[in-house]
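Listed below, chain by chain, are the residues.
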Amino acid sequence: MMNRIAEADGMRRGGAERRDVLTDFVRKIHVNRSVGQMAALLVAAFAIFTILRPAVFLGSYNLQVIALAAPEIGILAIAMMVTMLSGGIDLSVVSIANASAITISMTYTAVSSRAGVELANSLALPLVLLGLVVGVAAGAINGLLIAKVGITPILATLGTMQLFNGLELVVTGGRTLYGAPAGLSTLGTTTFLGVPAIFLILVVVAVAIGVLLDRISLGFRIRYQGANAEASRFSGISSTRTLLATYTIVGLLGGIAGVVFLSRNPSASADYGASYTLLVIVIAVLGGTNPYGGRATVLGVVLATLCLQVVASGFTAMRLSSQQYAMAQGVILIGAMVLDYLRGRGSSR
Amino acid sequence: MDISPAPRPVLELRDIVKTYGGVHALDTVSFTLLPGEVHCLAGENGSGKSTLIKIISGVETPDSGVIVVGGERHASMTPASAIAAGVQVIYQDFSLFPNLSVAENIAMPRQRAVGGRFYSARAARPIAQGIVDELGLALDLDADVAALSVADKQLTAICRALVSDAQIIIMDEPTTALTGAEVTALFALVRRLQSRGVSLIFVSHKLDEVLRVSQRLTVLRNGTWVATGAAGDYDRDAIAGLMTGKDIDTSRVVSAVPADAAIALEVKGLGRPGAFADVDLVVRCGEIVGLTGLLGSGRGEIAEAIFGVRPATTGTIAVGGHPVRIQSIPDAVAAGIGYVPEDRLTQGLFLDDSIADNVVAASVTAFAGRARLLDRARMLAFIQSVASRLRIKAPNLSLAVRSLSGGNAQRVVLAKWLMTNPKVLLLNGPTVGVDVGSKSEILEILRTQASAGMGVVVISDDIPELYSACHRVLIVQGGRIVCELAGDAVRVETIEQRIAA
């Protein structure tokens, strides 16, 4: 974040030796490497599938599918990235999203069966807010366990993941619930200039988190916390407040993802997106997030999301199975890490 | 300055070159160690001392050069071949197992080395007892290492080295945490080891002490060999001159502080059970107060309590005349206290982040403007002004702090606190790992800050530095301030005597 500020400083001191300018330039590429790498990978994947199956892949249906499937995964991946930036992880974020969706769906169904469908539909906005409140509350529970009680994030959120998921199973009886405010379904089918509205939700979330990390002191504190928790403490930054805020915000993002679930499909269940948790970890890391904390970009994560969506729909276009897609995810992740290692070996020291 | 070695050296390094990413850590350095000698290796941080030791002990591989140990030529060593050749390094932290007993710690490496896959508690005891008796030490073999004093831990590490048939023992800063009596005991043991034919390399910045036992001395500067000679031919100033390549001003420069100057920090009856008790401390605006004592005396704990790291349980603290309650670090920062920690690398800096990010770490919140958005232009202006005021030397502020020298990195930590405009600045070991040139510049920064009205507390075991900069020096022993030196009483010898008393 500050690099961008400081770059201006570097330029202003124009008298710096050429070699310094050069090493600085190399360093900048290094910093933005993951973003560049993901952009290149995205273009490459797009090109490959376009060549292999131009008719299917470039069809507007296929592009719509990508733009509709990407937002929920993208928002969850951004949430995962924020926790990783702080040096933690949130395994419960998908359960939080489901909790939000289930709460909205159940309340909607309850209202519409007692007071009529019209009233229930007119309550779309309050219902969405209710879902977001559920997300915030669940995130705050994670935050309390991690920041106040001091449980390691991976264990705390593993626990709450099981807890939230169990509660959801009990409440829904393990069934898939049908029913969501009509407004949400409308949202899911609306497009602006061909771009689905829910894709714009992803864009808004990405910009908001970008502003948080770049322009708000909390964002700086989250990053300091992840870069070196000890130095952060010795700089007078309260890890309790920082982590509480981090996980609460991530809970909110989970709640938003739940709303997107319902917009795409007016149904909710406890086991929706069962494979998402690991997928969004993969995306966050592919997008350049340092799993040890302190380093991440929103742009990188968004590009990684799109990249994997392109691969997914490309595999569908090629009639390959979801198992083969899962393997491709693994290959891409390991490939990116190996590339990182090779490049790091060449340039470090 | 070449000494013609009459006896064959036990260790000889010829023309060692080691580069890290194009930077010469060692540039054609040669070094010889004679049988039964104590050889002092002196040099500033970054002079190549630690790289040389790593090459001897096989941790690092030289780019070129030859290592001759016990008559055998090697292009490089591995840790295993170094140990097999009788090389043992005793690091500052001793690398002991705190949860095992003294006997187990001493015998463990020997039992591993002879190829035993199974550890035998019964066999451990006689091995350990043998060496302890042989050296005439009073070590409790059954004590847990965690419970030992620093001096006893050091003895355990020495015994462990000898059990592995050490011919060459390298000791890194062996006297830093020892009392005067313990240093004397250590040196007596060193002479006994010499008489057994063991050669020792001492790496130390406490040159006075080390020269007492060393026969020869080698000085490195910026990765190159500068001098080797008989220890008796040099005094401290001569060595410091060789280490830095320039004359260093160690004279005392303190500004006059009026007796009625406002009080920046007042501490009364501060205590925390098991750490320190009854600490009274007054620091006036414009004053630099030194706090010293042996490692483990409680000097650092007092500073950490004032900064809220581990808060005191009794006593009061007032900053600028206002009583403050300090239960956490944010409390202390809000009260106007800054703290430059001893462990700069882990507690002071975000190594992979830019200089700018590091400098602003303690003060980001202050730059929040409308809608809580940070005013980046103002932020950068502040960062730049502080960085140039402290003369942080870097091509630009987006450089990662990891790439800075010790002196520059410490300036970054200082800058971080000056950004908060503190009333009181506590510094724990402000010049540890900083080269002599930067050292006097850092002290000059502290003088400037004090003159501008800040109260400064320096916690340090670098006595010439305390002498050079402090108006008063307080000496901590067993968690209490036992002595206060002011004015003409602040002298290097006096401080040394009182600390070791």
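Reading the values: the criteria
Residues numbered from 1 in each chain as written. Chains lettered and ligands numbered in written order. Predicted model: local features only at pLDDT ≥ 70, side-chain atom pairs only at ≥ 80, totals over all residues. Heavy atoms only, no water. Domains from an automatic or database assignment. Contact = heavy atoms within 4.5 Å. Buried area = accessible area lost by both parts, 1.4 Å probe. Salt bridge = Lys/Arg side-chain N within 4 Å of Asp/Glu carboxyl O. Pairing = 2+ DSSP bridges. Helix = DSSP H or I, 4+ residues; strand = E, 2+ residues; numbered from the N terminus. Axes fitted to C-alpha atoms, helices over the stretch in contact; angles between N-to-C directions. Expected span 1.5 Å × (residues − 1). Bend = angle between axes of the 7 residues up to and from the residue. Buried < 20%, exposed > 50% of the residue type's maximum accessible area, 1.4 Å probe, protein only.

All right, on to the domain arrangement of chain B then. All names here are of chain B. Segmenting chain B into domains produces domain 1 (11–244), domain 2 (261–336 + 422–501) and domain 3 (350–421). Distance between the C-alpha centres of domain 2 and domain 3: 25 Å. In this assembly, 18 residues from domain 2 lie in contact with 13 residues from domain 3. On the domain 2 side of the interface with domain 3, the three residues burying the most area are Pro-422, Glu-441 and Ile-445, jointly 39% of the side's total. Taken together, the connections running from domain 2 to domain 3 amount to 2 salt bridges. We note a salt bridge from Glu-441 to Arg-411, for which the minimum N-O separation is 3.1 Å.

Residue and element names in this part refer to chain B. The sheet built from 6 strands is open, its strands ordered S16-S17-S18-S13-S19-S20 with mixed pairing. Unpaired on one side and paired on the other, strand S16 (337–340) and strand S20 (480–486) mark the two borders of the sheet. Across the sheet, the axes of successive neighbouring strands diverge by a mean angle of 20°, strand direction being ignored. Relative to strand S17 (residues 424–428), S16 runs parallel, the two sharing 4 bridges. By the bridge assignment for S17, Tyr-339 is matched with Leu-426. Here helix H14 (residues 406–418) sits on the sheet in contact with S16 and S17, set at roughly 170° to S16. Along the sheet face, helix H17 (residues 492–500) touches strand S13 (288–292), strand S19 (472–477) and S20 and points at about 20° away from the line of S19.

What follows is about helix H5 (residues 60–85) of chain A. All names here are of chain A. When the terminal C-alpha atoms of H5 are compared, their 36 Å separation across 26 residues agrees well with the 38 Å that a helix rising 1.5 Å per residue should span. Its axis deflected by about 35° at Ala-70, H5 carries its strongest bend there, up to four residues before the proline Pro-71. Of all the 26 residues making up H5, 20 are buried; the element is thus mostly covered by neighbouring parts of the structure. At the exit of H5 stands Gly-87, carrying a positive phi of roughly 90°.

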